[in-house]
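# Structural overview
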Amino acid sequence: MAKRVVILNGDNELGHVIAKQFSPDHSEVVIATENQAEVHDPDTNIKIEHVTYNEDFNQDLAFAQEEINSLIAITEISDQKANENNLAEQVWPWIFVLKYLFRRKIPLPRYVVIVLAGYDPGLASLQAVQAKYITASNLDIDIHINLVNADFYHPGNNSLNYKLSGNFRPGVVTSAEQISDAVTILCSGLMDGMKAQSVYLRMGLTAPETDIAIDGGPTLVD
Amino acid sequence: MHYSRNLQLKNNFNDKAVFIVGGTRGIGFAAALEFGRLGAQLYLTHRWGSADESEILKQFREVGAPEPIIFEADVSIEAENATVIKKIHADGFEIEVYLNCACVVTRGNGLEKASLRALRRSMNYSTWPFIGLLKLIKKHTGTFPGYSIAITSDGHLSHYPGYDYVASSKAVLEAITRQYARSLYKENSRINIIRTRSVLTDGYAEIFAESDRNIVTAFDQFTFDPKEIANCILAICSGYLDAMSGEVVVVDKGASIVDNIMTLGPDILEHDNG
């Protein structure tokens, strides 16, 4: 069976790294974005498609007309604006796509991975709760909704600067490649016992505030 | 296999040492077979003569794995475990993976029979050895393992019949593991916990009464074959999760989010009514 991947809010560095990692083993990788027109490089199986997430379930959502094997939703946390639009821009899109598929009687993806790239514990909790409740209502089907929490994501460390006023050293930031690896293993079949859980990429740290307080700022912050 | 054959693990386990405490049955044995199939040299411990060595060797041969080296060693006795670690070092290996599946079961039986001795025994066998053996590994091989993993359950977050002491040991195990994660990470050593439930092993049968097990197996979408947990162990050691350390990875098929009176209660009543 052709395996398709859709990456929501994926037209950014992280989304493209994930797309390239999934590309060889999948028939099609779609990067969905609200920001730009559609692009399809004929030399690859990676497409960029425009999407609008709203309440219109009659719209023609091109990437959701057939089965999606893995749905990856990227939440890049970078500034105040992102926080103000969390529900509409970060939480709703992956729920919208699942509901869109459900209404068309298209099987739900086997894997849904919500990536939190950057530090926003409130948004992380919100995403986790949604993952739990949607999982609970779909326990009888083969769907695995999990989260990758990368508090220390490098481009997203704007969120750390914003919240904590510090430039984090390379040794404690999470790279796009590390996040992509975690997404890959969650969609590999090896971790199918996980449902509605979070994988934290924190390199032995716990949470930014705690570690700054305990470990001492100089360990983490330039 | 339970996972995509297309996935190429980042780490190569061929000719690497994997040390599994409690590795001759249950989750430990399932993980041993997975690593063995990938070419790793397994060092397995067990106690009380619980292992059928000829059967273990047969199963390793069937998957084309190198013959494991099996030791009888009490997890709570430092000298016995030091012998195993010294052997690994003498064989020219550093330890790539250290997995501790040992859990000595003492059933709780209410406040009237609560016992400090039983609590201490649980800690001595099921908590401290995970950390104590890490120190021994460093002492005798010069390095910490690339990956250290222990198995816990959600017993300390809820209540299970007779689980008083095991739950206590798991709670401390999760807490103490996190404390060492950052310093180990700086030495390129990762330490994590897999928290699971309802893995149908011999150990599970030892702690829970048949009537309790019957309830659990009535909800078989939440039960685990040990191989499924072994796959998660392999995932953590695969190289794809190297940014993760000091974490508790919950592997429960979603059971913990629905296992409450209002959500699962109606199903239980339906079960009781036949």
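See the structure above.
Reference entry: report on the structure contained in this document. (Residues numbered from 1 in each chain as written. Chains lettered and ligands numbered in written order. Predicted model: local features only at pLDDT ≥ 70, side-chain atom pairs only at ≥ 80, totals over all residues. Heavy atoms only, no water.)

## Considering the sheet that holds strand β2 (residues 28-33) of chain A
Residue and element names in this part refer to chain A. Spatial ordering of the open sheet is given by β3-β4-β2-β1-β5-β6-β7-β8, a layout of eight strands whose pairing is mixed. Strand pairing shows two members of the sheet lacking a second neighbour, β3 (39-40) and β8 (198-200), which therefore form its edges. In terms of strand pairing, strand β6 (residues 111-117) meets strand β7 (residues 144-150) through seven bridges, oriented parallel. Among the inter-strand pairings, Ile114 is bridged to a residue of β7, identified as Leu147. Running at roughly 165° to strand β5 (residues 70-76), helix α3 (residues 86-103) makes contact with β1 (4-8), β5, β6 and β7 of the sheet. Along the sheet, helix α6 (residues 176-186) contacts β5, β6, β7 and β8; its crossing angle with β7, the most-contacted strand, is approximately 165°. (Pairing = 2+ DSSP bridges. Helix = DSSP H or I, 4+ residues; strand = E, 2+ residues; numbered from the N terminus. Contact = heavy atoms within 4.5 Å. Axes fitted to C-alpha atoms, helices over the stretch in contact; angles between N-to-C directions.)

## Examining the pairing of strand β4 (residues 95-100) of chain B
All names here are of chain B. Burial analysis of β4 places six of its six residues in the buried class, which makes it a mostly covered element. Inspection of the sheet shows strand β1 (residues 17-21) paired to β4 by five bridges, in the parallel sense. Each bridged residue has a counterpart across the sheet, and for Ala17 the counterpart in β4 is Ile95. Of the pairings in the sheet, the one linking β4 to strand β5 (residues 147-153) comprises four bridges and is parallel in character. The partner of Val97 across the bridge, within β5, is Tyr147. (Buried < 20%, exposed > 50% of the residue type's maximum accessible area, 1.4 Å probe, protein only.)

## Brief notes about the interface of chain B and chain A
Each side of the interface is counted separately: chain B has 36 residues, and chain A has 33 residues. Linking chain B with chain A are two salt bridges, by the criterion used here. Here the side of chain B that touches chain A gets five residues from one element, more than from any other, and that element is helix α9 (residues 226-236) of chain B. (Salt bridge = Lys/Arg side-chain N within 4 Å of Asp/Glu carboxyl O.)

## What about the layout of surface pockets?
Of the voids in this model, the second largest pocket is the one considered here, and its volume is about 580 Å³. Around the second largest pocket, the lining comprises 27 residues; the ones closest to its centre are Lys132, Gln197, Ser198 and Tyr200 of chain A together with Val250 of chain B. Sorting the residues of the lining of the second largest pocket by element identifies α4 (121-136) and β8 of chain A together with β6 (190-196), β7 (248-251) and α10 (255-258) of chain B as the ones contributing at least two each. Residue classes in the lining of the second largest pocket are distributed as eleven nonpolar, six polar and ten charged. (1 Å grid on protein atoms, 1.4 Å probe; cavity = no way out; pocket = protein on both sides within 12 Å on 5 of 7 lines; lining within 4 Å. Points joined across faces, edges and corners; volume = space filled by probe spheres on them. Nonpolar A, V, L, I, M, F, W, Y, C, P; charged D, E, K, R; others polar.)

## Describing the pattern of salt bridges
Counting across every chain of the model gives 20 salt bridges over all chains. Of the charged contacts, one joins Asp142 of chain A and Arg110 of chain A as a salt bridge, the two residues approaching to 2.9 Å between their closest N and O atoms. Taken together, the positions of Asp142 of chain A in the loop between α4 and β7 and Arg110 of chain A in the loop between α3 and β6 put the pair 32 residues apart, joining distant regions of the chain. Accessibility expressed as a relative area gives 44% for Asp142 of chain A, which makes it partly exposed. For the salt bridge of Arg197 of chain B with Asp154 of chain B, the shortest nitrogen-to-oxygen distance reads 2.6 Å. With a gap of 43 residues between them, Arg197 of chain B in the loop between β6 and α7 (202-207) and Asp154 of chain B in the loop between β5 and α6 (164-185) connect regions that are remote in the sequence. Like Arg197 of chain B, the residue Asp154 of chain B is buried in the burial classification.

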